[in-house]
Amino acid sequence: MVGILASLPVLVTGSAVLGTGATTSILGAADADSASSLFGNIAGTNSSLFNQIKNNASQRIAEALQAVNAEAKDRNDAINVENERWISVKAQINNALIAVENGQESAQAVADKLLLMRGSIAGAGDPKENAQFYREQFDAFVTSINNEADSGGQAFNLVGNINRQDGTPNTVEYRNDVNLNSTTLRGTYIGSDYRIEANDGKVWIPDLGSDLIQAYDSNGVTEERYTTGDGQEVAKATSTRNGVKLISYNASTQQITVEISVVPDDPPLVVTGKLKKNGLGVMQSWFYNDLSTDADRKRAFADINAAEVNLSSAQGDLARSASQTQIDQRRADRALGDLSQRTIDSNKDQSQRSEDIRVKAAQQYLAMQANLQNLQSQQANYLAAFSGFVGDPFTQSMLDINT
């Protein structure tokens, strides 16, 4: 019989030595502190085993969830890095789009001023009106147009800030993706610039924000000086309001001759050369002989007509720039949208995988619990089956002999 008991290590958790005066039963001790059961505490053993399994399972769940979270973090970190790069690109595109919109607003403002200049020309020719007032108003509109063109900064101006030596328009460049590809918007010019390249090698250049015109060297850099009749040295410059008088101009050859009075008391300088225009092409009133005759006013109207055509062309350039920036903006928006969706998908995947781990662990937990309960029931059945046999006097004597 000893061999039979030995073959049940799962059921028998320990062996008991039964003393001659013991009052214990076979299945359990009468006094838990003084004797132990032949088969041990089956329920306590199973509970201990179950707790150990539960603790191990909890640790494995935590490790699996940690791995899922770490993978999700790496994935989301990579998405965030790319997202930040696209945000930077989007910011540059937005700045370019603002430059286009500002240019379009400036172009419309210039269109309004050109319309008002027609009224100034008409007013200057009305004998009932103050011709001087309308002439000054005309010049103020020209200055306002030039200030409008150059009101934007160099980096984001598509309607001004041209190279005044060769008339090259300003450009706006920005990145259009995260691969360092870029878009360059070629600007236009809605101001009215000019220079007189004199036959003596000097260049007369106006200050577009005021009524000043000044002589420079042939490179248009160094200011020329003028010695007055009484020996003083001053800048070779004058006001276009009263210091410049048109003598002749040939539109076909661009040949121009003007008288420039640097000092009112000195004889005027006679300057002959070529008139180079940039932009809209409308000039200040001195170019139209102060709008004093019908022929002069007709020339001014003709230049306003041409300026409106040039402005319309500039607005077409701005519209093309707007289309390009909108294309780039949509590309950036799609990229950012895709990254947002990838983040959502990543988070959903993390949540789903975490849920799957918990569900699978719960299933295994319940299965283990059921198995242990079944095992406990089987152990109880074994004890019930063997209890009568172990209580037999013959078996007790055999156990006493073996011990």
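Further up the page is the structure itself.
Source: prediction; values computed, not measured. (Residues numbered from 1 in each chain as written. Predicted model: local features only at pLDDT ≥ 70, side-chain atom pairs only at ≥ 80, totals over all residues. Heavy atoms only, no water.)

Concerning helix H3 (residues 131–149)
Spanning 19 residues, H3 covers 27 Å between terminal C-alpha atoms, matching the ideal 27 Å at 1.5 Å per step. Those residues of H3 that sit buried are Tyr134, Arg135, Phe138, Asp139, Phe141, Val142, Thr143, Ile145, Asn146 and Ala149. Of the residues that open H3, the one with a side-chain oxygen 3.0 Å from the backbone nitrogen of Gln132 is Asn130. (Helix = DSSP H or I, 4+ residues; strand = E, 2+ residues; numbered from the N terminus. Expected span 1.5 Å × (residues − 1). Buried < 20%, exposed > 50% of the residue type's maximum accessible area, 1.4 Å probe, protein only. Polar contact = N/O pair within 3.5 Å; in protein donor to acceptor, adjacent residues only side chain to side chain.)

Description of the side chain of Asn83
Relative to the elements of secondary structure, Asn83 occurs in helix H2 (residues 42–124). Those residues in contact with Asn83 that sit more than four places away from it in its chain are Leu336 and Leu339. (Contact = heavy atoms within 4.5 Å.)

A short note on the pattern of salt bridges
Using the criterion set out here, one finds 20 salt bridges in the structure. For Arg164, the salt bridge is made with Asp193, and the minimal N-O distance between the two is 2.8 Å. Here Arg164 is found in the loop between H3 and strand S1 (171–175), whereas its partner Asp193 is found in strand S3 (residues 192–198), with 29 residues between them in sequence. Accessibility expressed as a relative area gives 29% for Arg164, which makes it partly exposed. Exposure remark for Asp193: the relative accessible area of 2% places this residue in the buried category. In this structure, Lys277 and Asp303 form a salt bridge, with 3.9 Å as the shortest nitrogen-oxygen distance. In this pair, Lys277 is assigned in strand S11 (residues 269–279) and Asp303 in helix H4 (residues 294–390), connecting sequence segments 26 residues apart. Judged by its relative accessible area of 31%, Lys277 is partly exposed. You can call Asp303 buried: its relative accessible area is 17%. Here the salt bridges do not stand alone but share partners, grouping Glu71, Arg75, Asp349 and Arg353 into one network. (Salt bridge = Lys/Arg side-chain N within 4 Å of Asp/Glu carboxyl O.)

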